[in-house]
Amino acid sequence: MSKLSNGTYEKYATQYATLTLTDGEYALTVTPEKGGMATSFTRNGEEYLWLRDKNYESTDRPRCGIPILFPNCGKPDGGVHHFGGADYPMEVHGFADLLPWQVRTATDEEIVLTLAPNGLTKFVYPFDFLLEMRYTLEGPKAGLALTVHNTGDKALPFSVGFHPYFGVSNLDNVSFAIDAATCSQNAKGEQPAAPATITLTRKEGSADSIRLLTGVKSPMTLHDSGTGHTVEVAFDEEVFHNGVLWQQDAERFVCMEPWNGWANSVNEEGRHIELAPGESKTFAWSVTIR
């Protein structure tokens, strides 16, 4: 049985109110004002997520915790979406991770946050919607479920993804157990078949390392031999069929991300979700720590 508590991140110059679910030795913390994202997941006080201090304090796009990606994953070609014959500017991963979310429910059983359109969203995304983000905790398993509601009078085009940052001791200590159809370092062009063992190694001369995966099977698992941590990302394969592995040099994290879109998928017919007026769709997944 989980329990709910309130708090703040007092470590930072900018203090944010937090909500924390606990279940025995496990605790999951959510920060509604910071993109509605999970910002801590611990076992006996030992942290499994990763926060980039200066980034957490700033108003920049969060590159820590578990950002929510909506209405796009990655950055569309030319930095724009095309709707109704007009071009609309769009940042990488959309805007849901940049905005404060509202608390709808905060109980021992769940935390539910919501995000509705405002002047900023209408400027870059001319649609009516309601996002509901539900967090639960059962022992070592955190449940995350985003429901997208089309509250407008026209079709709602979008993609959804999540960008969890898991703390690691060193990239060289990390191994993966992932089954995927393809594995590439570039979303464009032919996607080569995934090897039997997927690795994430530094590319010489590059500031980061990336693997773009399609046809991903649930779960994706990483193990850090340095800390002994194992993290499992499980998901509904019908709604999350792509995955991303990403790491940035000199930083102690690895991202293992479930996506249902691609960098330009909202602009490409048949490669994104479209909800009719009044329709809703839920994108559920979980993180289990050991």
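Per-chain numbering applies: the sequence of each chain, read as written, is numbered from 1 onward. With pLDDT at 70 or above as the cut-off, local features in this predicted model cover only qualifying residues; side-chain atom pairs require 80 or more to be listed or tallied, and sums for whole chains, interfaces and linings still use all residues. Hydrogens and waters are ignored; side-chain quantities use all the structure's heavy atoms.

1. Some remarks on the overall build of the protein chain
By the criteria applied, helices consist of DSSP H or I runs no shorter than four residues and strands consist of E runs no shorter than two, each listed in order from the N terminus. Across its full length, the protein chain carries 2 helices and 24 strands. Put simply, the radius of gyration uses C-alpha atoms, and a globule should come to 2.2 Å times the residue count raised to 0.38. In summary, the protein chain has a C-alpha radius of gyration of 18 Å against a globular reference of 19 Å for 290 residues, a match within 12%. Viewed in the frame of its principal axes, the protein chain has a C-alpha envelope of about 50 × 45 × 35 Å. Looking at the protein chain as a whole, 54% of its 290 residues qualify as buried. A contact between two residues is defined here by any heavy atoms of the two lying within 4.5 Å. Expressed as a percentage of contacts within the protein chain between residues at least 6 apart in sequence, the contacts between residues at least 24 apart total 63%. Roughly 12400 Å² of accessible area belongs to the protein chain as shown, and the carbon and sulfur atoms make up 47% of that amount. Burial status follows relative accessibility: with a 1.4 Å probe on protein chains alone, a residue under 20% of its type maximum counts as buried, one over 50% as exposed, and anything between as partly exposed. The method behind every accessible area is Shrake-Rupley, applied with a 1.4 Å probe, and residues are considered shielded solely by the protein chains displayed.

2. Comments concerning the environment of Asp224
Residue position: Asp224 is located in strand 19 (residues 220-224). C-alpha of Asp224 to C-alpha of Met37: the two residues are 187 residues apart in sequence and 24 Å apart in space. Definition of a polar contact: a pair of N or O atoms within 3.5 Å, with one able to donate and the other able to accept a hydrogen when the atoms are protein atoms, and with sequence-neighbouring residues admitted only if both atoms are side-chain atoms. In this structure the side chain of Asp224 is engaged in a polar contact, spanning 2.9 Å, whose partner is the backbone nitrogen of Gly226.

3. Quick notes on the packing of aromatic side chains
For any pair of aromatic rings, the description consists of the separation of the ring centres together with the inter-plane angle of the planes. Centres within 6.5 Å make a pair out of two Phe, Tyr or Trp rings, where for Trp the six-membered ring is used; the pair is then stacked when the planes are under 30 degrees apart, edge-to-face when over 60, and tilted otherwise. Under the criterion given, the structure shown has 21 aromatic pairs. When the ring of Phe70 is compared with that of Phe158, the centres are 5.5 Å apart and the planes differ by 45°; the resulting orientation is tilted. Of the two residues, Phe70 is situated in the loop between strand 6 (68-69) and strand 7 (80-83) and Phe158 in strand 13 (residues 156-158); the sequence distance between them amounts to 88 residues. Of the two residues, Phe70 and Phe158, both sit in the buried class. The structure contains a cluster of three or more aromatic residues connected by ring pairs, namely Phe70, Phe83, Tyr88, Phe95, Tyr125, Phe127, Phe129, Phe158, Phe162, Phe240, Phe283 and Trp285. Sitting over a ring, as applied to charges here, requires NZ of Lys or CZ of Arg to be within 6 Å of the ring centre and within 35 degrees of the ring normal. The ring of Phe127 has Lys154 lying over it, and the distance from NZ or CZ to the ring centre is 5.0 Å.

4. Digging into the sheet that holds strand 16 (residues 174-177)
Strand order across the open sheet formed by 8 strands is 9-10-11-12-24-20-19-16, with antiparallel pairing between neighbours. The open sheet has two edge strands, strand 9 (102-106) and strand 16, and neither has a second partner. Averaged over all neighbouring strand pairs, the angle between strand axes comes to 15°, with direction disregarded. Pairing between strands is defined by DSSP: at least two bridges between the two strands are required. By the bridge criterion, 4 bridges tie strand 16 to strand 19 in an arrangement that is antiparallel. Across the sheet, the residue bridging to Phe176 is Leu222, located in strand 19. Interaxial angle, 0 to 180 degrees, is taken between N-to-C directions of lines fitted to C-alpha atoms, where a helix line uses only the stretch in contact.

5. Considerations on the sheet that holds strand 5 (residues 46-47)
What the 5 strands build is an open sheet, ordered 1-2-3-4-5; its pairing is antiparallel. Of all the strands in the sheet, the pair left with one neighbour each is strand 1 (3-8) and strand 5. Here strand 2 (residues 17-23) pairs with strand 3 (residues 26-31) via 5 bridges, running antiparallel. Within strand 3, the position partnered with Leu19 by the bridge is Val30.

6. Quick notes on unusual backbone geometry
Going from Phe70 to Pro71, the amide bond is cis rather than trans, its omega being 5°. For the bond from Ser218 to Pro219, the omega torsion is 0°, close enough to zero to count as cis. Among the structural elements, Pro219 can be located in the loop between strand 18 (208-214) and strand 19. You will see that Asn44, though not glycine, has its phi angle at about 50°, which is positive. Assessed through its relative accessible area of 57%, Asn44 is described here as exposed.

7. A word on the pairing of strand 9
Two elements, strand 9 and strand 10 (residues 111-115), share 4 bridges in a ladder whose sense is antiparallel. Bridge assignment links Gln102 to a residue of strand 10, and that residue is Thr114.

8. Re the pattern of salt bridges
By definition, a salt bridge exists where a carboxyl oxygen of Asp or Glu is found within 4 Å of a side-chain nitrogen of Lys or Arg. In this structure the tally under the stated criterion is 7 salt bridges. Ionic pairing is found between Lys188 and Asp77, a salt bridge with its closest N-O pair at 3.2 Å. On the criterion of sequence distance, the pair formed by Lys188 in the loop between strand 17 (182-184) and strand 18 and Asp77 in the loop between strand 6 and strand 7 is long-range, its members being 111 residues apart. For Asp77, a relative accessible area of 37% corresponds to the partly exposed category. For Arg271, the salt bridge goes to Glu268, with nearest N and O atoms at 2.6 Å.

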